[in-house]
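Observations on the model geometry
Okay, here's what each chain looks like letter by letter:
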Amino acid sequence: MKHIMNLKWCAFTGALMLLFVAATFEHHSVVQDPPGVHTRWWDGTTEMKEIFYPSGKIKSRTTYGEDGSTILTRKEWSPNGLITAELTRRDDGKVYRKEYMPDGKRTLKESLWEPDMMYFLASREYYPNGQLALEETMTEDGTAMTLMRSYDEQGRVTLERRVLDNADQIANQFDDGHIVRREIMKANGDSVSEVFFDGTDVVSIRQTQIRLDGTVITESFNKQGQQLYRRENNAGKGTTSVSRFTNGVMVLRQTLQEADLQTIEQFDPVSGKATRTLSLDTEQNVTSVKLFRADGTVARVKQFKNGVVVHQTDYDSAGQETADKNGGEPETIDRSLFDMIARPKEE
């Protein structure tokens, strides 16, 4: 008896399934999909949508996920039937989009988008010859660029912008494959601009701006990379220092308050240590001269009045006074030291 009941139950269940299938097909025979729309038979969600030009040629075809709204693929065509773009959703949910040139064969642009397609994560653009023209990479949240490079039609980089892990931003400009300029914007707001000698990676001029106090530093170099010149200006304090170098070693520095020359410092051209410092009044007259030993310690200080030494104090290497007297040994002052140091012309 139990066996007979099981057979009856199976027969009943099978009949219900056949009835459900028949009802479903009956429903689709009465309720048709809109033109260009293909829905799934089991739940009516959109499976594919097609759009056509007035000529009857297909304009786009889009397929959707099981929810009927998530785009899985899309292809787009021109009025003459050539493909213009296509996209595909990857397994990780991100969307890859590819755009074609008018011939429908060569790639114009390809890009990677986040799942909702609100912003792109990376993109590439191409020249008609197939050479890469531009590439960009964004952060995962799409809010900032981490890398951008542009190229000429021969494949040489013309511009590169990069954001480092420490948030510094660097932009390099190239000409004929050689770097010509670099801009650095540091995370703390400081900035550095560098100009290079033609055809080399050697810096010719560098300018640094310090955000904290507004100081601007300008430096010049020769083709061997040796420093020739440095100017440091703090507009807020009204101070400026200008330095001249020989073989990369500072030999002379002038310090100004507003437009008035205040001190002139001389340095040994080999060791770079101070040898003499001249202090001036507002009339550009020497008021004192400080002389240094080879180890950098002060050896003697002379006080001047009307160009004559009126007082002299000597010191030992420990800084102790050893002699103090009125008058003193004469000091020769080269007035060319008072000529403002000019930035050398580019070689």
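None of these values were measured; they are calculated from a predicted model.

**Description of the overall build of the protein chain**
Across its full length, the protein chain carries 1 helix and 25 strands. Taken over the C-alpha trace, the protein chain has a radius of gyration of 39 Å; the compact-globule value for 347 residues is 20 Å, which it surpasses by more than 25%. Taking the principal axes of the C-alpha coordinates as reference, the protein chain spans close to 135 × 55 × 30 Å. Per-residue burial over the protein chain gives 33% buried out of 347 residues. Within the protein chain, counting contacts between residues at least 6 apart in sequence, those at least 24 apart form 11% of the total. Looking at the protein chain as shown, the accessible area adds up to about 21400 Å², and 53% of this sits on carbon and sulfur atoms. Seen as two clouds, the 44 positive and the 53 negative side-chain charges of the protein chain have centres 2 Å apart.

**A word on the packing of aromatic side chains**
For the coordinates displayed, the defined rule picks out 2 aromatic pairs. Considering the side-chain rings of W41 and W42, the 6.0 Å spacing of their centres and the 90° angle between planes classify their relative orientation as edge-to-face. With a centroid separation of 6.0 Å and an interplanar angle of 65°, the aromatic rings of W113 and F120 are classed as edge-to-face. Looking at R335, its charged tip hangs above the ring of F338, at a distance of 3.7 Å from the centre.

**Things to note about the pattern of salt bridges**
Enumeration according to the criterion identifies 25 salt bridges in this entry. The salt bridge involving E265 is made with R253; its shortest N-O contact spans 2.8 Å. Taken together, the residues E265 in strand 20 (residues 260-267) and R253 in strand 19 (residues 249-257) connect sequence positions 12 residues apart. Within this structure, R182, E194, R206, E219, R230 and E232 form a network of salt bridges that share partners.

**Focus on the confidence of the model for the protein chain**
The predicted model of the protein chain averages 89 in pLDDT, with 90% of residues at 70 or higher. Within the protein chain, no element has a lower average pLDDT than helix 1 (residues 2-30), which sits at 45, and none a higher one than strand 6 (residues 95-100), at 98. This stretch, residues 7-12, has a pLDDT under 50; its non-local contacts, to residues over four places away or in other chains, come to 0 contacts. Scored below 50 in pLDDT, residues 14-30 makes 4 contacts in the model with residues more than four places away or belonging to other chains.

**Here's the deal with the nonpolar core**
Of all hydrophobic cores here, the largest spans 17 residues; its most connected members are L252, L261, I264, L280, V286, V289 and F338. Counting only elements with at least two residues in this core, the list comes to strand 19, strand 20, strand 21 (274-280) and strand 22 (286-292). If we skip the residues at most four places from it in the chain, I264 touches L252, R253, R276, T277, L278, L280, L337 and F338.

**With respect to the side chain of E160**
Looking at the element boundaries, E160 is found in strand 11 (residues 157-163). A distance of 2.7 Å separates polar atoms of two side chains, one belonging to E160 and the other to R149. At 3.4 Å, the side chain of E160 and the side chain of R162 are in polar contact. For E160, the residues in contact, after removing those within four places along its chain, are L147, M148, R149, I170, A171, N172 and F174.

**Re the environment of Q209**
Position of Q209 among the secondary structure elements: in strand 15 (residues 203-209). Separated by 162 residues in sequence, Q209 and E47 have C-alpha atoms that sit 59 Å apart. Residues within four places of Q209 in sequence aside, it is in contact with D190, S191, T215 and V216.

Basis of the calculations
Residues numbered from 1 in each chain as written. Predicted model: local features only at pLDDT ≥ 70, side-chain atom pairs only at ≥ 80, totals over all residues. Heavy atoms only, no water. Helix = DSSP H or I, 4+ residues; strand = E, 2+ residues; numbered from the N terminus. Rg over C-alpha atoms; globule rule 2.2 N^0.38 Å. Buried < 20%, exposed > 50% of the residue type's maximum accessible area, 1.4 Å probe, protein only. Contact = heavy atoms within 4.5 Å. Areas by Shrake-Rupley, 256 points an atom, 1.4 Å probe, with all protein chains shown as cover. Lys, Arg positive; Asp, Glu negative; His and termini not counted. Charge placed at Lys NZ, Arg CZ, Asp CG, Glu CD. Phe/Tyr/Trp six-rings, centres within 6.5 Å; stacked < 30°, edge-to-face > 60°. Lys NZ or Arg CZ within 6 Å of the ring centre and 35° of its normal. Salt bridge = Lys/Arg side-chain N within 4 Å of Asp/Glu carboxyl O. pLDDT = per-residue confidence, 0-100. Core = buried A, V, L, I, M, F, W, Y, C linked by side-chain atoms within 4.5 Å. Polar contact = N/O pair within 3.5 Å; in protein donor to acceptor, adjacent residues only side chain to side chain.

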